[in-house]
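# Remarks on the overall topology
Here is what each chain is made of, one letter per residue.
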Amino acid sequence: MRTQVVIIGGGPSGLLLGQLLHGIGVDAVVLERQTRAYVLGRIRAGVLEQGLVGLLEQAGVAGRMHAEGFVHDGTLIAHDNDMFRVDFAKHTGARVMVYGQTEVTRDLYDARAACGARTVFDVEDVRITGADSDAPEVSYTVAGTRHTVSCDFVAGCDGFHGVSRRSIPEETRREYEKVYPFGWLGILSQTPPVNDELIYANSPRGFALCSMRNANLSRYYIQCSMADRVENWSDDDFWTELKRRLPDQVLSQLHTGPSIEKSIAPLRSFVTEPMRWGRLFLCGDAAHIVPPTGAKGLNTAASDVHYLFEGLSAFYRDNDPEALDRYSERALARVWKAERFSWWFSTLMHRFPDQSPFDLRMQVAELDFLRSNDAAQRAMAENYVGLPY
Ligand code: RFL
Ligand code: PHB
């Protein structure tokens, strides 16, 4: 089999790239390790930057998002028993879209099926060969049969645990990592959201986040120990702990109910450099991870897709490799800023096990500064709505 671009990974990065390429007549095959149902069962991101909204429009998959998503002009930051608002629209003129990653992925799979583009599910043992030559190949096994696809380029969109990053020789890769000493316990519940905007809370008992998917579907997170197990948290335990971490003024609006999903996610900052090796290009979680506090993971994956799509378009349209040659440098410049923002916001909002009284005072001073300083709010708003591509 032959195609122009093999996309490894059918998550949001791979599917978005595939749809954009389809729009300019470039043939691509998506190889996904899981089933479609499994990918659509994962509950992840909820906040989309305008850049990602624009890419979904460009890919022709924005209809349902515009009909069902919620535009948010700002967010609330709670500290102890108090709360203040950062107004994105006032400070930047931009807004964010609240629409679940699960729905984005569903829209992309539907569009892919509708245009007849090829997706292979349940692939095992994916191997990339010849990425440092002009004739790369990707081989994989499905239902016991081995297949090989030759191509011009390979897009490694297979997430943090994929094969693409590990296919780059160790001596050419540099990796930067910070693991945080806690996780997030998240639940999804069919209850109306506690508030019409997100609430990020720093409380003496640890971080909490109130988010949502729609008018009757809420997503809540609390900081937990990495030693915690989901099975040890009943729904009642979760709600009790969440209430202890939110300011009194919102408690009367908190609707509790049975959870329909419950999971624990670790918090990690990670970047690999470079994001390209020969004809293999890494996109999204395959190349970098952020702690979810800044809502930057999916959005940074989208900016990678933007730069890679620009490079591939110029290559196929004008036979010009310059933008592909600059892919890693351009993508990483934005990745590191998203890393910085996510690290800063995570450090500001969580309780760390080894936090000294001095560290705590620094957090209070920084929160006070953010509450009262327009420039600080503007800097936060610019990062939250997304830095320009
Ligand atoms: P994904 O989504 O991990 O998709 C990779 C796909 O590749 C497949 N795969 C393979 N396929 C073939 N062969 C192999 N060897 C393969 N190995 C893996 C996998 O099955 C999968 O389908 O990566 P992608 O596409 O780069 O997308 C990245 C985003 O999923 C991720 O950054 C975000 O979900 C992070 N994130 C958030 N990002 C935001 O921008 N805003 C948010 O509000 C936000 N909230 C979150 C989050 C992530 C969370 N978790 C669970 C880590 C909240 C949480 C709780
Ligand atoms: C979510 O809704 O899942 C969500 C929202 C904002 C974040 C992280 C996760 O910062």
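To start, this report covers the structure provided alongside it. (Residues numbered from 1 in each chain as written. Chains lettered and ligands numbered in written order. Predicted model: local features only at pLDDT ≥ 70, side-chain atom pairs only at ≥ 80, totals over all residues. Heavy atoms only, no water.)

From N to C terminus, the protein chain includes 14 helices and 20 strands. Counting only C-alpha atoms, the protein chain reaches 60 × 40 × 40 Å along its principal axes. Burial statistics for the protein chain: of 389 residues in total, 55% are counted as buried. Put simply, of all contacts in the protein chain between residues at least 6 apart along the chain, 72% involve residues at least 24 apart. For the protein chain, the computed accessible surface area is about 16,200 Å², with 50% contributed by carbon and sulfur atoms. Charged side chains of the protein chain number 41 positive and 50 negative; the gap between the two group centres comes to 1 Å. (Helix = DSSP H or I, 4+ residues; strand = E, 2+ residues; numbered from the N terminus. Buried < 20%, exposed > 50% of the residue type's maximum accessible area, 1.4 Å probe, protein only. Contact = heavy atoms within 4.5 Å. Areas by Shrake-Rupley, 256 points an atom, 1.4 Å probe, with all protein chains shown as cover. Lys, Arg positive; Asp, Glu negative; His and termini not counted. Charge placed at Lys NZ, Arg CZ, Asp CG, Glu CD.)

Attention now goes to the sheet that holds strand β10 (residues 137-142). Read across the sheet, three strands follow the order β9-β10-β11 without closing on themselves; strand pairing throughout is antiparallel. Sheet topology places β9 (124-129) and β11 (145-150) at the edges, where each strand pairs with a single neighbour. Neighbour to neighbour, the strand axes of the sheet diverge by 15° on average, direction disregarded. As paired strands, β10 and β11 are joined by six bridges and run antiparallel to one another. In the strand pairing of β11, Val138 is matched with Val149. (Pairing = 2+ DSSP bridges. Axes fitted to C-alpha atoms, helices over the stretch in contact; angles between N-to-C directions.)

Now for the packing of aromatic side chains. Counted by the stated rule, this structure contains 22 aromatic pairs. Ring geometry for Phe182 and Phe352: centres 5.0 Å apart, planes at 75°, overall edge-to-face. With Phe182 in strand β13 (residues 174-189) and Phe352 in the loop between α12 (327-349) and α13 (357-372), the pair connects residues that are 170 residues apart, well separated along the chain. Taken individually, Phe182 and Phe352 each receive the classification buried, so the pair is uniform in this respect. An angle of 20° between the planes, with centres 5.8 Å apart, marks the rings of Trp344 and Phe345 as stacked. In this structure Phe345 comes out as buried when scored by relative accessible area, which is 0%. By way of ring pairs, the aromatic residues Phe88, Trp184, Tyr200, Phe207, Tyr221, Phe341, Trp344, Phe345 and Tyr384 are connected into one cluster. (Phe/Tyr/Trp six-rings, centres within 6.5 Å; stacked < 30°, edge-to-face > 60°.)

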